[in-house]
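A look at the structure
Given next are the chains, with one letter for each unit.
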Amino acid sequence: MNNPTPETITLDMMRESLYSAIVCDALDSIGLTNQSPRKELFPMTVEDVVVGRCKTSLWADMYHADPSPYELELKGVDSINADEIFIAAASGSMRSGIWGELLSTAVKHRGCCGAIIDGAVRDVRQMREMSFPVWAVGTSPYDSKDRQRIIDLDIPVEIGGVVFSPGDLVIADVDGIVIVPQEVEDKVIRLAWQKVHEENTFRDSIKAGMSATEAFAKYGIL
């Protein structure tokens, strides 16, 4: 199993080789056992592996006319950077569809690689046609105006018991969403890279006729 880890593992390399479960295993191995939200956030548009960095927003329900509708939504969209993932911490609210086609178009144009919405979205058909990756609790046709709004940007937020901090690494796919804190990112990604290549060796050994018990005894992975 001679698979030397590259000196630098880029985001594109992560997208090619890593996925949420293998990164979750790497986090487990260093004692970070609560880095995937324990709630249902469904892939609404694509089934790709998406890797990027957190661009965070905090949302609140509202029950009055908004004097400055969409103000922070537009600020957040216009300040997003390439390779970031828009994170909307909305406490799972289904009061409105806070994310849709137009916001997806705006952030995709700026290089954003996806959105994770702890709440409802709309325009799912259009976002699928765009192949823009979105995870959400569900859908709602209601517009967010006078129903929900962003109350803060670029701050740590919590979704399903996991803290998402600006700049943290996100790995999301059909299995779930995993957050890698920046302070352990290099170690975790190197461990995940090593394990995914070890698993390839394990898989090849099974295909070559080795039993699962023998392969586990030899490689110590499963």
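This structure is a prediction, so every number in the text was calculated from the model and none was measured.

Conventions and cut-offs
Residues numbered from 1 in each chain as written. Predicted model: local features only at pLDDT ≥ 70, side-chain atom pairs only at ≥ 80, totals over all residues. Heavy atoms only, no water. Helix = DSSP H or I, 4+ residues; strand = E, 2+ residues; numbered from the N terminus. Buried < 20%, exposed > 50% of the residue type's maximum accessible area, 1.4 Å probe, protein only. Contact = heavy atoms within 4.5 Å. Polar contact = N/O pair within 3.5 Å; in protein donor to acceptor, adjacent residues only side chain to side chain. Core = buried A, V, L, I, M, F, W, Y, C linked by side-chain atoms within 4.5 Å. Arc of directions from axis to C-beta. Salt bridge = Lys/Arg side-chain N within 4 Å of Asp/Glu carboxyl O. Pairing = 2+ DSSP bridges. Right-handed = clockwise from strand over helix to strand, strands pointing away.

Quick notes on the overall build of the protein chain
Scanning the protein chain from terminus to terminus reveals seven helices and ten strands. Within the protein chain, the proportion of its 222 residues that are buried is 47%. Counting only contacts in the protein chain whose residues sit at least 6 apart along the sequence, the fraction spanning at least 24 positions is 77%.

Focus on the environment of aspartate 143
With respect to the helices and strands, aspartate 143 occurs in the loop between strand 5 (134-139) and strand 6 (148-153). Given a relative accessible area of 22%, aspartate 143 falls into the partly exposed group. For aspartate 143 and glycine 100, which are 43 residues apart along the polypeptide, the C-alpha to C-alpha distance reads 9.3 Å. Within the structure, the side chain of aspartate 143 is placed 3.0 Å from the backbone nitrogen of lysine 145, a separation counted as a polar contact.

A closer look at the environment of proline 133
By the element assignment, proline 133 lies in the loop between helix 5 (124-130) and strand 5. Overall, the relative accessible area of 9% leaves proline 133 in the buried class. Spatially, the C-alpha atoms of proline 133 and alanine 115 are 6.5 Å apart, while their sequence positions differ by 18 residues. Those residues in contact with proline 133, other than ones at most four positions away along the chain, are Thr45, Val46, Val50, Cys113, Gly114 and Ala115.

As for the nonpolar core
Counting 23 residues, the largest nonpolar core has Phe86, Trp99, Ile117, Val121, Phe132 and Val134 as the members making the most contacts within it. The element best represented in this core is strand 3 (residues 84-99), accounting for five residues. Beyond its immediate sequence surroundings of up to four residues, isoleucine 117 is in contact with Leu41, Ala88, Ile98, Trp99, Val134, Trp135, Ala136 and Val137.

Quick look at helix 2 (residues 20-29)
Within the span of helix 2, buried status applies to Ser20, Ile22, Val23, Ala26 and Leu27. Relative to the axis of helix 2, the buried residues are bounded by an arc of 165° and lie together on one face. Among the residues trailing helix 2, glycine 31 stands out with phi positive, at a value near 90°.

With respect to helix 3 (residues 71-78)
Residues of helix 3 that are buried: Glu73, Gly76 and Val77. Along the long axis of helix 3, the arc covered by the buried residues comes to 95°, so they all point the same way. Residues of helix 3 that are exposed and angled more than 90 degrees away from the buried face: Glu71, Lys75 and Asp78.

Description of the pattern of salt bridges
Per the stated rule, a full pass over the model turns up eleven salt bridges. Notably, a salt bridge pairs aspartate 12 with arginine 15, separated by 2.8 Å at the nearest N-O pair. Pair noted here: aspartate 12 and arginine 15 are both in helix 1 (residues 11-17), with a separation of three residues, about one helical turn. The class for arginine 15 is partly exposed, based on a relative accessible area of 24%. Residue aspartate 66 pairs with arginine 149 through a salt bridge whose shortest N-O separation is 3.2 Å.

Focus on the pairing of strand 5
Relative to strand 5, strand 1 (residues 42-43) is paired through two bridges, and the arrangement is antiparallel. Each residue of the ladder has a partner; that of phenylalanine 42, found in strand 5, is alanine 136. Chirality of the crossover, the property in question, places the unit of strand 4 (residues 114-121), helix 5 and strand 5 among those that are right-handed.

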